[in-house]
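# Residue-level structural notes
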There are 2 protein chains.
Amino acid sequence: MSVSVPSNPDGTRFDDLHQILQQGGMRRAARMLNALQPAEIAHLLESLPPKERELAWNLVEAEYDGEVLTYLHDDVREHLIQLMDTGELVAAVGSLDTDDLADIFQDLPVAITQEVVNSLDQQRRDRLEKALSFPEDSAGGLMNTDTVTVRPEMTLDVVMRYLRRLKDGLPDITDNLIVVNRKGNYLGVLYLTDLVTHDPEDSVAEAMTLDIQAIPATWSAREVATRFEQHDLVTAPVIDEDGGLLGRITVDDVMDVIREEAEHQFMGQAGLSETEDMFAPVLLSARRRALWLGVNLLTAFLAAWVIGRFEATIQQVVALAVLMPVVASMGGIAGTQTLTLAIRGIAVGQLSIKNARWLLWKEMAVAGINSVIWALVVALIARLWFHDTNIALVIGAAISINLLAAAFSGAMLPLLLERFGIDPALAGGVILTTVTDVVGFLSFLGLATIFLL
Amino acid sequence: MSVSVPSNPDGTRFDDLHQILQQGGMRRAARMLNALQPAEIAHLLESLPPKERELAWNLVEAEYDGEVLTYLHDDVREHLIQLMDTGELVAAVGSLDTDDLADIFQDLPVAITQEVVNSLDQQRRDRLEKALSFPEDSAGGLMNTDTVTVRPEMTLDVVMRYLRRLKDGLPDITDNLIVVNRKGNYLGVLYLTDLVTHDPEDSVAEAMTLDIQAIPATWSAREVATRFEQHDLVTAPVIDEDGGLLGRITVDDVMDVIREEAEHQFMGQAGLSETEDMFAPVLLSARRRALWLGVNLLTAFLAAWVIGRFEATIQQVVALAVLMPVVASMGGIAGTQTLTLAIRGIAVGQLSIKNARWLLWKEMAVAGINSVIWALVVALIARLWFHDTNIALVIGAAISINLLAAAFSGAMLPLLLERFGIDPALAGGVILTTVTDVVGFLSFLGLATIFLL
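Residues numbered from 1 in each chain as written. Chains lettered and ligands numbered in written order. Predicted model: local features only at pLDDT ≥ 70, side-chain atom pairs only at ≥ 80, totals over all residues. Heavy atoms only, no water.

You'll find chain A entered in an unreviewed UniProt entry as Magnesium transporter MgtE, with Imhoffiella purpurea given as the organism. Listed in UniProt under the heading Function (unreviewed entry), the comment for chain A reads: "Acts as a magnesium transporter." In its Subunit (unreviewed entry) section, the UniProt entry covering chain A states "Homodimer." (UniProt positions renumbered as here; feature names shortened; annotations may be inferred.)

A few words on the packing of aromatic side chains. To describe a pair of aromatic rings, you give the distance between the ring centres and the angle between the ring planes. One pass over the full model with this rule turns up four aromatic pairs over all chains. Taken together, a centroid distance of 6.2 Å and an interplanar angle of 50° make the contact between tryptophan 385 of chain A and phenylalanine 301 of chain B tilted. One end of the pair, tryptophan 385 of chain A, is in helix 20 (residues 356-386); the other, phenylalanine 301 of chain B, is in helix 17 (residues 282-308), on a second chain. A relative accessible area of 26% means that tryptophan 385 of chain A is categorised as partly exposed. Take phenylalanine 301 of chain B: its relative accessible area is 11%, and that puts it in the buried class. (Phe/Tyr/Trp six-rings, centres within 6.5 Å; stacked < 30°, edge-to-face > 60°. Helix = DSSP H or I, 4+ residues; strand = E, 2+ residues; numbered from the N terminus. Buried < 20%, exposed > 50% of the residue type's maximum accessible area, 1.4 Å probe, protein only.)

Below, the discussion takes up the pairing of strand 2 (residues 176-180) of chain B. Residues and elements named next belong to chain B. Extensive coverage of strand 2 is indicated by the burial of five of its five residues. Where burial is concerned, the two faces of strand 2 agree: the one with Asn176, Ile178 and Val180 and the one with Leu177 and Val179 are both buried. Judged from the two bridges that link them, strand 1 (residues 149-150) and strand 2 form a sheet pairing that is parallel. Across the sheet, valine 150 pairs through a bridge with valine 179, a residue of strand 2. Handedness of the crossover joining strand 1 and strand 2 through helix 12 (residues 156-165): right-handed. (Pairing = 2+ DSSP bridges. Right-handed = clockwise from strand over helix to strand, strands pointing away.)

For the rest of this paragraph, the subject is the sheet that holds strand 2 (residues 176-180) of chain A. Pairing within the open sheet is mixed, and its three strands lie in the order 1-2-3 (chain A). If you trace the sheet from one side to the other, it starts and ends with strand 1 (149-150) and strand 3 (186-191) of chain A, each paired once.

When chain B is brought onto chain A, the operation consists of a screw motion whose angular component is 180° and whose axial shift is 0.0 Å, with 0.1 Å RMSD remaining. Put plainly, the chains are arranged around a two-fold axis. Taken together, the interface assignments show that 100% of the residues at the interface of chain B recur at the interface of chain A, consistent with an identical surface on both copies. (Least-squares fit on C-alpha atoms with pLDDT ≥ 70 in both. Contact = heavy atoms within 4.5 Å.)

Residue and element names in this part refer to chain A. When the terminal C-alpha atoms of helix 19 (residues 319-347) are compared, their 43 Å separation across 29 residues agrees well with the 42 Å that a helix rising 1.5 Å per residue should span. With 27 of 29 residues buried, helix 19 is to be regarded as a mostly interior element. In the segment just after helix 19, glycine 349 is the residue with positive phi, at about 75°. (Expected span 1.5 Å × (residues − 1).)

Residue and element names in this part refer to chain B. Turning to its location among the elements, proline 216 is positioned in strand 4 (residues 215-216). On the accessibility criterion, proline 216 (28% relative accessible area) is partly exposed. Residues proline 216 and aspartate 240, 24 residues apart in the sequence, show an inter-C-alpha distance of 5.9 Å.

A few words on the confidence of the model for chain A. Averaged over every residue, the pLDDT of chain A is 91; residues scoring 70 or more account for 97%. Taken together, the stretch residues 1-8 of chain A has pLDDT below 50 and engages in 14 contacts with residues farther than four places along the chain or on a different chain. (pLDDT = per-residue confidence, 0-100.)

On to the pattern of salt bridges. Under the defined criterion, the tally for this structure stands at 26 salt bridges over all chains. The salt bridge partner of glutamate 229 of chain B is arginine 259 of chain A, with a shortest N-O separation of 2.5 Å. Here glutamate 229 of chain B, found in helix 15 (residues 221-231), pairs with arginine 259 of chain A, found in helix 16 (residues 251-268), and the two come from separate chains. Exposure remark for glutamate 229 of chain B: the relative accessible area of 14% places this residue in the buried category. Between arginine 53 of chain B and aspartate 277 of chain B there is a salt bridge, with the nearest N and O atoms lying 2.7 Å from each other. One end of the pair, arginine 53 of chain B, is in helix 4 (residues 50-59); the other, aspartate 277 of chain B, is in the loop between helix 16 (251-268) and helix 17, with 224 residues separating them in the sequence. The class of arginine 53 of chain B is buried, set by a relative accessible area of 0%. For aspartate 277 of chain B, a relative accessible area of 5% puts it in the buried group. Residues participating in the shared-partner salt-bridge network are Asp74, Arg77 and Asp107 of chain A. (Salt bridge = Lys/Arg side-chain N within 4 Å of Asp/Glu carboxyl O.)

Interface size is commonly expressed as the accessible surface area that is lost when the partners come together. Counting from both sides, the interface comprises 134 residues of chain B and, opposite them, 135 residues of chain A. Summed over both sides, the interface between chain B and chain A buries roughly 12700 Å², with carbon and sulfur atoms accounting for 67% of that surface. One salt bridge connects arginine 344 of chain B with glutamate 263 of chain A, and the closest N-O pair in it is separated by 2.8 Å. Across the contact surface, chain B and chain A share 33 residue pairs in polar contact (both at pLDDT 80 or more). Considering only residue class, the side of chain B that touches chain A consists of 74 nonpolar, 34 polar and 26 charged. (Buried area = accessible area lost by both parts, 1.4 Å probe. Polar contact = N/O pair within 3.5 Å; in protein donor to acceptor, adjacent residues only side chain to side chain. Nonpolar A, V, L, I, M, F, W, Y, C, P; charged D, E, K, R; others polar.)

Another aspect to go through is the domain arrangement of chain A. Residue and element names in this part refer to chain A. We note that the domain assignment places domain 1 (5-137), domain 2 (149-268) and domain 3 (282-452) within chain A. Here domain 1 and domain 2 have C-alpha centroids that lie 28 Å from each other. Domain 1 puts four residues into the contact, and the matching count from domain 2 is six residues. Taken together, both faces of the contact between domain 1 and domain 2 bury some 360 Å²; the carbon and sulfur share is 55%. Three residues, Lys130, Phe134 and Asp137, lead the burial of domain 1 against domain 2; their summed loss comes to 77% of the area buried on that side. Linking domain 1 with domain 2 are zero salt bridges, by the criterion used here. Where domain 1 touches domain 2, the interface holds one residue pair in polar contact (both at pLDDT 80 or more). Along the lines of polarity and charge, the residues of the side of domain 1 that touches domain 2 split into one nonpolar, one polar and two charged. (Domains from an automatic or database assignment.)

Dropping the structure here:
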C-alpha cells in the first residue's frame, strides 16, 4: 500500500500548522490545534521537530494537556513533561481517568507523583493503586474500571430506567452492560443491541449473552489482542481468579497494543525502541545508536578475525577477497527470510516448539533447492569472471553450505532465544548475520585453502 | 513482550488438536474444531503443516467453511480452496455476507465465480457488484452494507419500536444507528448509548451526535485506520462524493488492516509477502525466495565488482581484505536504523516531504557524532591488530564517510522511493545496503590505494 500524499489529511494539517507557526500566527495555530481530538494533537506534535513542537505544545489548551500526554510515545511525552511546571502537570494529569493516569504514572517525575496522589480523593486513589498493581502489558494493566453492571433478574425496562438516571450517561465505547451476581461475579453480558430489540418486559437473564468468556487479569496483552481479533470483540470483561469482575478492556486500547507490538517487531530489528522519537535530541539518539553499532562492531570484527586466519590464502588468490562478500551476503539474505517467517509465526502464536520441526524441515528443503540453483549461478559467474574452474567449484560449495546453515539458524534461533527469555525481534538479526558471515567466510576461505593452494 | 508458552491458549489448543489427529481421533478432533469461532479455526489451520491442515479442513463442518475461508491468509485460502469441489465451494461461499464474499471473490477459481453469482438473488448480486467496484484497500472496499438508518424527526420511542420489529435483530458490532435525510444523505449518528439513556419522547435530532464525520469511500485503508485510532471509533459511516450513505466500516476490519500493514512492513523487509504461508509448499517457497536472492545477488556482485577494481591494492596489503567487511557492515547497520525510522514515519503519516529536511539534518548530526566515535574505535583496533598507523587512518576515514553516506541514504531513500511509487518497505533495505557496501568498499580501498601504496 502506498501513501498518496495529497489526500492524506495529516499531511495537509501538518503543512497548515507548520506554515502558520513559521509566519508567527500563534492565535490561528492555537485555534487550529485546539479544534482537534487529543489523539490528533498528539500525532501532530510528534511530527514536529523539537523547537516547533515546544511552541505548539504551549498553544494546546491546558484542559487537553493531560489527554494529549496519554496519546504520545514515551520519548515525546517525557520531553513535553519536562517543559511543564509542577502546578501545570498536577492539574493536567489530576483530571485524567484513573486508568489513563495509571498509564503515564511511571513517566511522571517522582516529585510530581506524590502530589498527584495527594490531589485524588480516596476512591480514585484506590482505583489508581489497583490499576498500578498489574503489569502494563497484562489484561489488568489494559483494563478500565468504568463498568456498568446489571443483575440477571432485572427486567429490561428497569435497566433502561436505571440507565436514564446515570448522571454521566454511559462510558465511551460501551456495547454491552456486564451482568453480575450478588457477589459481583461475572455471569455474561447484555448487549445494547439486545437491550433495544427485546421486549422491555423480558428479564436480563432472557436477553443476555452467555458465550462471551471473561478475560483473566493475568493474560498478556498479546493474548488479549488475539482474543479480540478472533472473536471480533468491541469490549471484554476482565475478572480475577475467583471470577470477580474487575473491569473491562475496550477495543481502542487493543488497537494500540497491536500497533505497538508491530512497531516493536519492525523497529527492534534495527535495534530501535518502538517509542523512539523521530526528532529525538541528537545527543540522545547518538548515544542510543552507539550501543547497537557497538554490538555490531563486535560481530563484524569476529568475521574479520575469521578472514584474518586466511591471510596467506588470500595473498595467493586475491580473487577470494573479491568474491567472499557474495558468499556472506547470500547467506544473510536467505537466513533473514527464514528468521522473519519464524518471528512472525511466534508473534501471532502460530509457531511453537510443537510445530517447529515442520518449519525446520520445510525451510531446509527450500534452502536445499535454492542452494543448488545459486551455487550453480554463482559458480558460473565466478568461472566467467576469473577463468578458474577451481574457484568456481569452491564458491559454489561455500554458497550451498551457507544457505543451508542460514535456513537452520533462521528457523531455530527465534525459538531458542524465546526459550532463554531473549527477544528474537531484537537479537535475532544480529546473531543470524554473525552466523552467516562466519560460516560464509569460513567455508569459502577454508575450502579455498584446502583445494586451491 | 515475550510469549509465555504455557499460558498461551492457542499453544494448548494446537497441542490438543495435533495429538488427537496423530492418534487418529477424527471424531474428537472434529468436535474440538467445530466448537471454535471461525477465526480461531482459521488460525489453527494456519499453524498446521499441509497434511494435517488438509485433514483438519475436512473435519470442519460445511456450514463454517465459508466464514473460515474469509479469515485465512491468501496463500492458505488458495490451498484449501483447491481441495474443495465446485458444489462444496458454491455452497460455502454462497451463504456469506456479500461483503465477506467480495473479499475472497478474486481468489475463487473463475469457473466458480460465475456459478456463485448465478446463485445470488438480484439484491445480493447488486451489492456484490457494488462492493467489488471499490479497490480492496480503500474505505469502499472495507465497508459493509448492513447499515440500519433512522431519520432525525423520529422519536426515540418510535426508533425502539422499529428496532424490535427488525427480523434479524441488529448487525454485529453496532454501536450506533446512522441518521440520514429523505434523500439518504448522511447527517449524523445516534449512539445506542444515547438511545437508551435519553427520554423516549426526545427526537433523534435531539439525541444524535453530529461530530462523527463520515469517511469518503475513496480514502485509503491506511487513512481509515488512522481515523479509527485517533477518534477511538467502533464503526464509521462511509459516503460517496455527494454525501450519500454507502455503508459502514467496523473496527474488526480496521484491526485487520493495522495487522496486515504491520506484517507487510515487517515481512517486506525480507522480500516476503505478508500473506506468506509458514508451511507453504517447498517448490512454491523456493521459487518465491529465489527472486529475492537473485536481486540480492546482483547487488552483491556489484559490490564484488567494486572490490575487483582494487585487486592490485589488496595483493599488496592483504590486511585490507580482512578489514573491508567491517566498513561495509557498520554502514549497513547505521543506515538501516535511519531507514527504519523513516519508513515508520511515512507509514504512520508523520514523515512527508515537508519535514524530511529536519529528519535529514538530525540524522546527519547523529551520524556525525557516531562517525567520529567509531572511526576512532575502529582505527584503534586496526592499529593494535596490524601495527600500521596508515591502515588505521584509512579505515577510520572510510568508516566516517560510510556512516555519513548511510544516514543520508537512510533518510532520503524512503521518500524518494515513495515519490516513484516504489514500496520503501520492500526495496529500501536492498538499495540501502547496496549503497553502504559500494561506498564502504570504494572509500576504504580507494583511500588505501592513494595513501598506502
